[in-house]
Amino acid sequence: MHASIRRVYWWLIAPAVLLMLVFYIYPLFQVLWISVTDPVPGFGNYRELIERPLIHRIWLTTLRICVLTTAITVVAGYAVAYAMAQVGERQRTWMMFCVLLTFWLSVLIRAFAWVMLLRTEGLVNTGLQELGLISEPLRLVRNEFGVVVGMVHFMLPLAVLPIYSNMTGIDARLVSAARGLGASPIGAFLNVYLPLSKPGLISATILVFVFSLGFFITPALLGGGKVVMISEYIQVSFEETLRWGQATMLASTLLFSVLLSLALVARFVDLKKVFGAR
Amino acid sequence: MSLVKTLYEKDLYPEIEDAGHSDFARDCVEIASERLARGQIDRRTFMTALAALGALPAGLTVASRSAGAAAGELVVVNWGGPAVDAYAKAFGVPFEKATGVKVVIDGTGPLGSKIKAMVDAKAVTWDVCDTGTGTTLVLQKQGVLEKIDYSIVDKAKMQDIFAYEYGVPNYMFSFILAYNKTKVPSAPTGWKDFWDLAKFPGNRTMRKQPNGMLEACMMAAGRDPKSVYPIDIDLAVGKLKEIKDNVIAWGSGSQSQELFRTGEVVMGNIWHTRANLLSQETNGDVTWTWQDGIVTAGMWNVPKGNPAGAETAMKFIASSQDPDQQLVLFNAMGNGPANPAAAAMVPADKKHIDPGQPENLAVQVLQNGPWYEEDSGVRNLTNDELSREKWLDTLSS
Amino acid sequence: MTGRSHSLALRGLSKYYGSLAAVDDVSLDIPSGSFLTLLGPSGSGKTTILMSIAGFVEPSAGQILLDDADITTLPPDKRNFGMVFQGYALFPHMTVADNIWFPLKVRGVSKANAADKVRGALDLVQLGHLAERYPAQLSGGQQQRVALARALVFEPALLLLDEPLSALDKKLRADLQWELKSLHHRLGTTFIYVTHDQEEALSMSDEIVILRDGKIEQQGVPGALYEKPATRFVADFLGKSNFLTGKVAATEPGRFGYSVGDLTLMQEGAPVHRRVDGTVLVSLRPEKIVLAADRPDTVNAVPGTISAFNYYGSTYHFQVSTEHLGELVATTPAWTCAVEPSIGSAIWLGWQPDASVVVNDR
């Protein structure tokens, strides 16, 4: 490209860059700045990351729930997307509608619905008891189990959509070719379909994991106040105890862990390709 | 990077703000909004109340959105909804009539973080804020509040213990022991029963924040209600640990109510306003005892460098101490009058929901806010900060 | 790399989609080691037959026999057939070498043990130097060769080819026709080839089966099909043809006359496929017409004028207007062209009675 033309392009995107700087980069630096200046200058807030058991616990809870949620969501989302890619147009439309339906429900209503299903006197427990499978009701909600159930439910469309869109790009004949060349149905899936759907799987994993990291309403509602994730603690520190140094430290750490996980993934896959920039 | 921006469910679902933690002041608005929506109260209630106070002055401004202060104007910030009208009529109209200073009610919600941000940025647009004891103490430590001028505000028109250095009680409410009659063998009589899982099996609910909970723990541990303070944080948190597996924590008032509705808990340490609602909707199946309740207060705060000047703000607060005015608010929103003199004026059929009635006060503990602000001796933290950490740590372990 | 050769037979094969018969009672014997082409326009059922043989389509009726063993219900991966798909269907996430290794891999052969065979297959299609490339980095012709190598590396009982050359340009297609044919010759494996391109069919096949609406229209060796098309459809689909309609006039032993208007033409053979009005349909190949400036020395001759012509280097194609027979197409080698190629010039067309053939008008 000619240098002068390139300069014109730079000028054309300059307003967007400026907006990013003013409304995004600058506040971000402010957050970083507060984390090393409030209440006193230094890395005291970051030392708490190492020293305070409460923060360890919250981080561990967050990671445990995020990993579990991501794993379950991606596997379930893959199954749903696979089914969607195989069925006819009519069923596909219905399945897509059902997947997206959960997107349109308020998070409060969804959480409440899960409580009604999973509570001690809820449908699941009474059903299992009437079937004689359990004698005592199981604790299915207001704990980590309930949180993971609710989060998987919330995240499912986020996993289904990228995986499904990736699957629509897979040439169905490749699976036939594999069968024709002697691969069993499972062999054809494992050797051909699965590797070809890898970009969808990876983007779904990143999307779900990163979204999960920032969750707190669903954990707060379904966790019975006992499952505290990092975002909730940031909110408490920011809005209730006004310990902004701690809040910004945690927010920065959260941001860094997102960037770190992206960097880790980028070592193995071409992220630009995964997110369709190339 | 754009991924990071959408990290929060909040961005996806703005309505979920209320699902998190909430202050009592905000909760009152939520309750009143629900009642208004269900037609249990209407705007005439205010008018009837106003008839007793005299005619409405012309030109009263009621702003439900954020307001910038103009000269000769006082901006009072509360939690919006019906509270905008209620505050305007209870406190705004009388003050304006008496002083000529126009009162603007701003319903955007005086979050502690917003007050701090305003003061830090030296761009204060609020004069008087409706917060709680917890927020008052946190803000006080941050040094962003004006000291209360008790030469203008009358200490006699409140419970002594709520006369904070940086906050004045606006109304009173209680943490009480609520229970579902149909799910307990007999009526629990205090926090010892609350802890008795053998006699009263089932889940309980307690607040996610220790404020109002630590006192119950102390009484359960055998401390006499008269000498709950100073609280032994480790002892209190240890009591929580005993029943933690049977505790579901509530963040907002509506959550505490929901836990009773879904039958997930048989008893709980919740706000009396929510217990009252539960009692109404269950025809008394869910009820509460004032016994060993913890009385606390809604607080007026004045941000440092408020536009109308500290003196005008203090005068407004003093004006709001009038028992008639507080009664208007009680009738409209259910907030118990902070001025003991108002207790006698509460209608007989509503005395049972007023924490400030002498017979109710007699069996309750007045919360000692200043204790929360004392140094805990650990990492420069106040008792409030340390107990929050330990409480959360125990709940989430 | 010569696989043991196998024969295949179809017995009353049918495939219905609803009430529509894609394949309608097709029986066919494919001798071991032959190169058989299923030729037909789209919708004729050729691909459905191939997919049934491969095991991807379950027949509605009939049997498929491999050396007399019934394989009708055997899943595709148990048939051990090599297959080259339309558009090649190479695995984009594998290198060329891994693509070729794939059929061996799923048969439990490790990469190390398969190395020689993979190399051999690559050499067979002259792509040894591209083993570590990915399919997207190859040209169409190279991809085609990889697909072939992959389909042959495990020494399949049959090689099925579904329009393998259709995506290639003309010159490459011609080159690969040579290669395929020589590959077939060297390997001796039975090839079953599907195409809609009559030139491909003619150039490579031992035997051609022409399909029409799910049924076999005619089958035979290429020369016989070309020279003796049984129907108008075959004559028209396989090569080009002029069609003459005339009333049978006089029958002699071994030949007969037929009249078109007041013109009488002679035709070898018997007046078969006679229609109710007593007419027959005669197919006359353009290249069998003799072009001359004056009346040629042939039994049949008609005058005409050139209405259009095309020059192809090696040949001329003429459109000639005649009084009795309408527009006729005639071709002649350019270097022996006996007429002046210019529009409007008067010429003669001539042919012998054995140059044309009576066909069934269907």
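Residues numbered from 1 in each chain as written. Chains lettered and ligands numbered in written order. Predicted model: local features only at pLDDT ≥ 70, side-chain atom pairs only at ≥ 80, totals over all residues. Heavy atoms only, no water.

Here we come to the overall build of chain C. Looking only at helices and strands, chain C has 8 helices and 20 strands in total. Dimensions along the principal axes, computed over C-alpha positions, put chain C at roughly 75 × 45 × 35 Å. As displayed, chain C offers around 15,700 Å² of accessible surface, 51% of which is attributable to carbon and sulfur atoms. Taken together, the 32 basic and 39 acidic charged side chains of chain C have centroids lying 5 Å from each other. (Helix = DSSP H or I, 4+ residues; strand = E, 2+ residues; numbered from the N terminus. Areas by Shrake-Rupley, 256 points an atom, 1.4 Å probe, with all protein chains shown as cover. Lys, Arg positive; Asp, Glu negative; His and termini not counted. Charge placed at Lys NZ, Arg CZ, Asp CG, Glu CD.)

A word on the sheet that holds strand 17 (residues 315-322) of chain C. Residue and element names in this part refer to chain C. Sheet architecture is open: 5 strands sit in the order 15-19-16-17-18, paired in antiparallel fashion. A single partner strand is all that each edge strand has here, and the edge strands are strand 15 (290-292) and strand 18 (326-333). The average angle at which neighbouring strand axes cross in this sheet is 45°, direction not considered. Pairing between strand 15 and strand 19 (residues 346-351): 3 bridges, direction antiparallel. What sits directly across from Val 290, in strand 19, is Gly 350. (Pairing = 2+ DSSP bridges. Axes fitted to C-alpha atoms, helices over the stretch in contact; angles between N-to-C directions.)

Bringing the interface of chain C and chain A into the picture now. Across the contact, 22 residues belong to chain C and 16 residues belong to chain A. Between C:Asp77 and A:Arg179 there is a salt bridge, with the nearest N and O atoms lying 2.5 Å from each other. Taken together, chain C and chain A are joined by 5 residue pairs in polar contact (both at pLDDT 80 or more). Looking at the side of chain C that touches chain A, the elements with two or more residues in it are helix 2 (96-105) and helix 4 (140-152) of chain C. (Contact = heavy atoms within 4.5 Å. Salt bridge = Lys/Arg side-chain N within 4 Å of Asp/Glu carboxyl O. Polar contact = N/O pair within 3.5 Å; in protein donor to acceptor, adjacent residues only side chain to side chain.)

In this assembly, 2 pairs of chains are in contact, and the pair with the greatest number of contacts comprises chains A and B. Regarding chain B and chain C, the two do not touch, and the least distance separating their C-alpha atoms is 28 Å.

A contiguous nonpolar patch, built from A:Ile5, A:Val8, A:Tyr9, A:Trp10, A:Leu12, A:Ile13, A:Val17, A:Leu18, A:Leu19, A:Leu21, A:Val22 and A:Phe23 and spanning about 1,200 Å² of accessible area, is present on the exposed surface. Residue placement: A:Phe23 occurs in helix 1 (residues 3-37). (Patch = residues over 30% accessible without salt bridge, like charges linked within 9 Å, V, L, I, M, F, W, Y side chains within 5 Å.)

Applying the stated rule across the entire model yields 37 aromatic pairs over all chains. Both rings, one in A:Phe154 and one in A:Phe215, keep their centres 4.7 Å apart while their planes meet at 85°; by these two values the pair is edge-to-face. Of this pair, A:Phe154 sits in helix 7 (residues 144-168) while A:Phe215 sits in the loop between helix 10 (198-213) and helix 11 (217-222), and the two are 61 residues apart along the sequence. The interplanar angle of 0° and the centroid separation of 5.8 Å between the aromatic rings of C:Phe233 and C:Phe237 together place this pair among those described as stacked. (Phe/Tyr/Trp six-rings, centres within 6.5 Å; stacked < 30°, edge-to-face > 60°.)

Attention shifts here to the nonpolar core. Residues C:Leu8 and C:Ile192 are the most contacted members of the largest nonpolar core, which totals 140 residues. Among the elements that line this core, the one with the most residues is helix 7 of chain A, at 12 residues. Excluding its chain neighbours within four sequence positions, the residues that come into contact with C:Leu8 are C:Leu28, C:Asp29, C:Ile30, C:Ile53, C:Ile64, C:Leu65, C:Leu66, C:Ile71, C:Phe81, C:Leu158 and C:Ile192. Core analysis: the second largest hydrophobic core is formed by 101 residues, B:Tyr179, B:Met218, B:Ile231 and B:Ile243 among them. (Core = buried A, V, L, I, M, F, W, Y, C linked by side-chain atoms within 4.5 Å. Buried < 20%, exposed > 50% of the residue type's maximum accessible area, 1.4 Å probe, protein only.)

Attention shifts here to empty space enclosed by the protein. All chains considered together, the criterion is met by 6 cavities of 30 Å³ or more. The computed volume of the second largest cavity comes to approximately 140 Å³. Looking at the lining of the second largest cavity, the elements that each hand over two or more residues are helix 12 (230-240) of chain A together with helix 17 (383-396) of chain B. Considered class by class, the residues forming the lining of the second largest cavity number 4 nonpolar, 5 polar and 6 charged. (1 Å grid on protein atoms, 1.4 Å probe; cavity = no way out; pocket = protein on both sides within 12 Å on 5 of 7 lines; lining within 4 Å. Points joined across faces, edges and corners; volume = space filled by probe spheres on them. Nonpolar A, V, L, I, M, F, W, Y, C, P; charged D, E, K, R; others polar.)

It is worth spelling out the interface of chain B and chain A at this point. Listed as interface residues are 50 residues of chain B and, on the opposing side, 55 residues of chain A. Interface area for chain B against chain A, summed over the two sides, is near 4,700 Å², with a carbon-plus-sulfur share of 61%. Where chain B meets chain A, there are 9 salt bridges. When the shortest N-O distance is used, the salt bridge between B:Glu258 and A:Arg142 registers 3.6 Å. (Buried area = accessible area lost by both parts, 1.4 Å probe.)

Turning next to the packing of helix 10 (residues 233-243) of chain B against helix 17 of chain B. Residue and element names in this part refer to chain B. The interhelical angle for the contact between helix 10 and helix 17, taken along N-to-C directions, is 20°, at an axis separation of 10 Å. On the basis of the axis angle, helix 10 is roughly parallel to helix 17. Every pair of crossing elements has a handedness; the one defined by helix 10 and helix 17 is right-handed. Contacts between helix 10 and helix 17 involve Ile 233, Asp 234, Val 237, Leu 240 and Lys 241 from the first element and Asn 383, Leu 386, Ser 387, Lys 390, Trp 391, Thr 394 and Leu 395 from the second. Partitioned by chemical class, the residues of the contact of helix 10 with helix 17 number 6 nonpolar, 3 polar and 3 charged. (Parallel < 35°, antiparallel > 145°, perpendicular 65-115°, else oblique. Left-handed = near helix turned anticlockwise from the far one by under 90°.)

Before going further, it helps to spend a moment on the domain arrangement of chain B. Residue and element names in this part refer to chain B. By the assigned domains, chain B splits into domain 1 (19-170 + 298-339) and domain 2 (173-296 + 368-395). Of the residues lining the interface, 23 residues belong to domain 1; the matching set on domain 2 comes to 27 residues. Interface of domain 1 and domain 2: buried area, both sides summed, is about 2,100 Å²; carbon and sulfur atoms make up 52% of it. Across the contact surface, domain 1 and domain 2 share 1 salt bridge. (Domains from an automatic or database assignment.)

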